[in-house]
Amino acid sequence: MSPSFEQKAKHRLRVEKREDLCWPFALSAPRKALLAWYLRHRRALPWRLLWAETKDPFVVWVSEIMLQQTVIKAVIPVYARFLQLFPDLRTFAAASEQDVRQAVRGLGYYRRFAFMHKAAQQLASSGSDWPTTFAGWRALPGVGDYTASAVSSIAFNEPAAVVDGNVERVFCRLLDLREPPNAPALKRAFQVMAKELLDEKNPGDFNQALMELGQTVCTVSQPGCKACPIKSVCLAYARDSQSLAPAAKLKGPPPMSVRMKLILLRQGNMIGLVERPKQARFLGSTAGFVTLLETADGEVLGDGWSGAPVHAKLHKLSLKKGEILGSIRHSITHHRIQAEVQLVDGETAGLPVTWLAAVDVERHLISNLDRKAWTLTRSILSHKDTKRDKSSPGARKSKPNVALFAD
Ligand code: SF4
């Protein structure tokens, strides 16, 4: 007898909820083995050392925000700089927006730091203690499930389980699930299963152990199963199917192509930076080069900044007098940007410009897009300087930062 409509619907619901998923092994032994492995092999990352030394939740919070969508290697130097400038919650809360942006320059996704700053001000002005629970952290501006679980478990021993991309991969392999690890139903099931697996006596270390296993042993390609503390319960290891589990991630909508012009203003040896308006579509409130969004035909779009006519005027000037230095590619969230970099002499088109010596420009640039444009500019102009030096008879070697912008 074929299944009724009701039976089919029930089955679909069960599959969507992934009620079929459960741990096929007793949890106590792998839980213990994973924690012991972590306590022995964990990397001495700066935030771990600082937390062990200070027991200040601030140092945990800062690291968790910085590590969102950002690799550890990029975070380490910025983390050190940030804590040197803002060693505690109160100093951070009292800082200006500009100082915060400067402190985190190069990390990208600046909205997370704007939210963090807002949350710090909220905490500092309330005068209350740190939130200690998952719910308390989740209520702060810009704090999602992941950050709330991570900070409350590490800093306050809250039994909140963390599930990130690394944990999803480990779970898929333990269960030999050859499915996209980010499928919504799987994500929900993993959250429940992570809670079951969690060591409630030591949730902070256990959460870090699972993530560390995914980062250093159960890696995307070529997992180091021989060194894995939980290989005895791993189905993918037993079946030698690590390359099949998980399947490729579900992809979101295709990225959107964006064309823009980045215009570097120059006056003699000085380079001009401008403050992008808050409402700019990209990189709002960051100091950088003049940015004009364009259509595929090179027409300036009104929404590039605020649509003010002054920018169109500048665009016209750049067409007449600008020197095209080249183009760069850059990704911001779901946008793939192609930006033409131009140098314009002696014009500001009425924009409020901060003039800086070439040596000072880099440390004032917040976004990686501007940094790429600046690297291109330096390399092109240095090359020109070198050629000019070689071709002028009797010329001595130029000093890069002085000659770079001296015409
Ligand atoms: S045994 Fe291999 S595949 Fe399984 S969890 Fe460990 S590292 Fe990953």
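Nothing here was measured: the structure is a model prediction, and the numbers come from that model.

### A closer look at the overall build of the protein
Piece 1. A count of helical and extended segments in the protein gives 18 helices and seven strands.
Piece 2. When each of the 407 residues of the protein is scored for burial, the buried share is 34%.
Piece 3. Counted over contacts in the protein with a minimum sequence separation of 6, partners at least 24 positions apart contribute 66%.

### Considering the environment of alanine 80
Piece 1. You can see alanine 80 is positioned in helix α5 (residues 72-85).
Piece 2. Expressed as a C-alpha distance, the spacing of alanine 80 and alanine 103, which sit 23 residues apart in the sequence, is 9.8 Å.

### A short note on helix α10 (residues 145-156)
Piece 1. Taking 1.5 Å as the rise per residue, α10 with 12 residues should run 16 Å; its terminal C-alpha atoms sit 16 Å apart, in good agreement.
Piece 2. Counting buried residues along α10, nine of its 12 residues qualify, which places the element largely inside the surrounding structure.
Piece 3. Buried residues of α10: Thr147, Ala148, Ser149, Ala150, Val151, Ser152, Ser153, Ile154 and Ala155, and no others.
Piece 4. In the core, the buried residues of α10 are packed alongside α3 (46-54), α4 (57-66), α9 (134-138) and α13 (203-216).
Piece 5. Following α10 by one or two positions, asparagine 157 has its phi on the positive side, about 60°.

### Observations regarding the environment of alanine 155
Piece 1. Looking at the element boundaries, alanine 155 is found in helix α10.
Piece 2. Looking at alanine 155, the number of C-beta atoms within 10 Å reads 22, which means it is buried.
Piece 3. With 95 residues separating them along the chain, alanine 155 and valine 60 place their C-alpha atoms 7.0 Å apart.
Piece 4. Residue contacts for alanine 155: discarding those within four places in its chain leaves Pro57 and Val60.

### What to know about the packing of α10 against α13
Piece 1. Running from N to C, α10 and α13 cross one another at 130°; their axes reach a closest spacing of 6 Å. Taken together, α10 and α13 sit at an angle that is classed as oblique. Taking contact as the criterion, the partners of Ser149, Ala150, Ser153 and Ile154 in α10 are, on α13, Pro203, Gly204, Asn207 and Gln208.
Piece 2. Here the residues of the contact of α10 with α13 sort into three nonpolar, five polar and no charged.

### With respect to the nonpolar core
Piece 1. Val62, Val151, Val167, Phe171 and Leu210 are the most contacted members of the largest nonpolar core, which totals 62 residues.
Piece 2. Examining the composition of this core, we find that seven residues originate from one element, α4, more than from any other.
Piece 3. Sequence-distant contacts of leucine 210, defined by excluding residues within four places in its chain, comprise Leu34, Val167 and Val170.

### Let's talk about the site of the ligand
Piece 1. As a structural note, the neighbourhood of the ligand is formed by 14 residues, with Cys218, Cys225, Cys228, Lys231 and Cys234 the closest of them.
Piece 2. Listing elements by their share of the shell around the ligand, those giving two or more residues are α11 (165-174) and α14 (235-239).
Piece 3. Residues of the shell around the ligand, tallied by class, amount to 11 nonpolar, one polar and two charged.

### Some details on α5
Piece 1. Look at α5: 20 Å from first C-alpha to last across 14 residues, which is about the 20 Å you get at 1.5 Å a residue.
Piece 2. Packed against the buried residues of α5 are α3, α4 and α7 (97-103).

### Side note on unusual backbone geometry
Piece 1. Of the consecutive residues alanine 245 and proline 246, the connecting peptide bond is found in the cis state with omega at -5°.
Piece 2. With respect to the element layout, proline 246 can be found in the loop between α14 and β1 (256-267).
Piece 3. Residue tyrosine 109 is not a glycine yet carries a positive backbone phi of 50°.
Piece 4. Here tyrosine 109 is to be found in the loop between α7 and α8 (111-126).
Piece 5. With a phi angle near 60°, asparagine 157 is a residue other than glycine that sits in the positive phi range.
Piece 6. Along the polypeptide, asparagine 157 turns up in the loop between α10 and α11.

### Overview of the environment of glycine 284
Piece 1. Relative to the helices and strands, glycine 284 resides in the loop between β2 (270-275) and β3 (287-288).
Piece 2. By the C-beta count within 10 Å, which is 15 here, glycine 284 ends up partly exposed.
Piece 3. Through-space distance from the C-alpha of glycine 284 to that of arginine 111 is 9.4 Å; in sequence the pair is 173 residues apart.
Piece 4. Excluding anything up to four places from it in sequence, glycine 284 contacts Arg276, Pro277, Lys278 and Gln279.

### Some remarks on the packing of α3 against α4
Piece 1. Orientation of α3 relative to α4, taken along the N-to-C sense of each, is 165°, at an axis distance of 8 Å. Here α4 runs roughly antiparallel to α3, going by the angle between their axes. When you trace α3 past α4, the crossing you get is left-handed. Taken together, the residues of α4 that come into contact with α3 (itself represented by Trp47, Leu50, Trp51 and Thr54) are Val59, Val60 and Ser63.
Piece 2. Across the contact of α3 with α4, the residue classes tally to five nonpolar, two polar and no charged.

### Quick notes on the pairing of strand β5 (residues 323-332)
Piece 1. Pairing of β5 with strand β6 (residues 335-345), which is carried by nine bridges, proceeds in the antiparallel orientation. Following the sheet pairing, isoleucine 332 is matched in β6 by histidine 335.
Piece 2. Linking β5 to β6, which pair antiparallel, is a turn of two residues; within it threonine 333 sits at a positive phi near 40°.

How each quantity is defined
- Residues numbered from 1 in each chain as written.
- Predicted model: local features only at pLDDT ≥ 70, side-chain atom pairs only at ≥ 80, totals over all residues.
- Helix = DSSP H or I, 4+ residues; strand = E, 2+ residues; numbered from the N terminus.
- Buried ≥ 20, exposed ≤ 12 C-beta atoms within 10 Å, placed from the backbone.
- Contact = placed C-beta atoms within 7 Å.
- Expected span 1.5 Å × (residues − 1).
- Axes fitted to C-alpha atoms, helices over the stretch in contact; angles between N-to-C directions.
- Parallel < 35°, antiparallel > 145°, perpendicular 65-115°, else oblique.
- Nonpolar A, V, L, I, M, F, W, Y, C, P; charged D, E, K, R; others polar.
- Core = buried A, V, L, I, M, F, W, Y, C linked by C-beta atoms within 7 Å.
- Near = placed C-beta within 6 Å.
- Left-handed = near helix turned anticlockwise from the far one by under 90°.
- Pairing = 2+ DSSP bridges.

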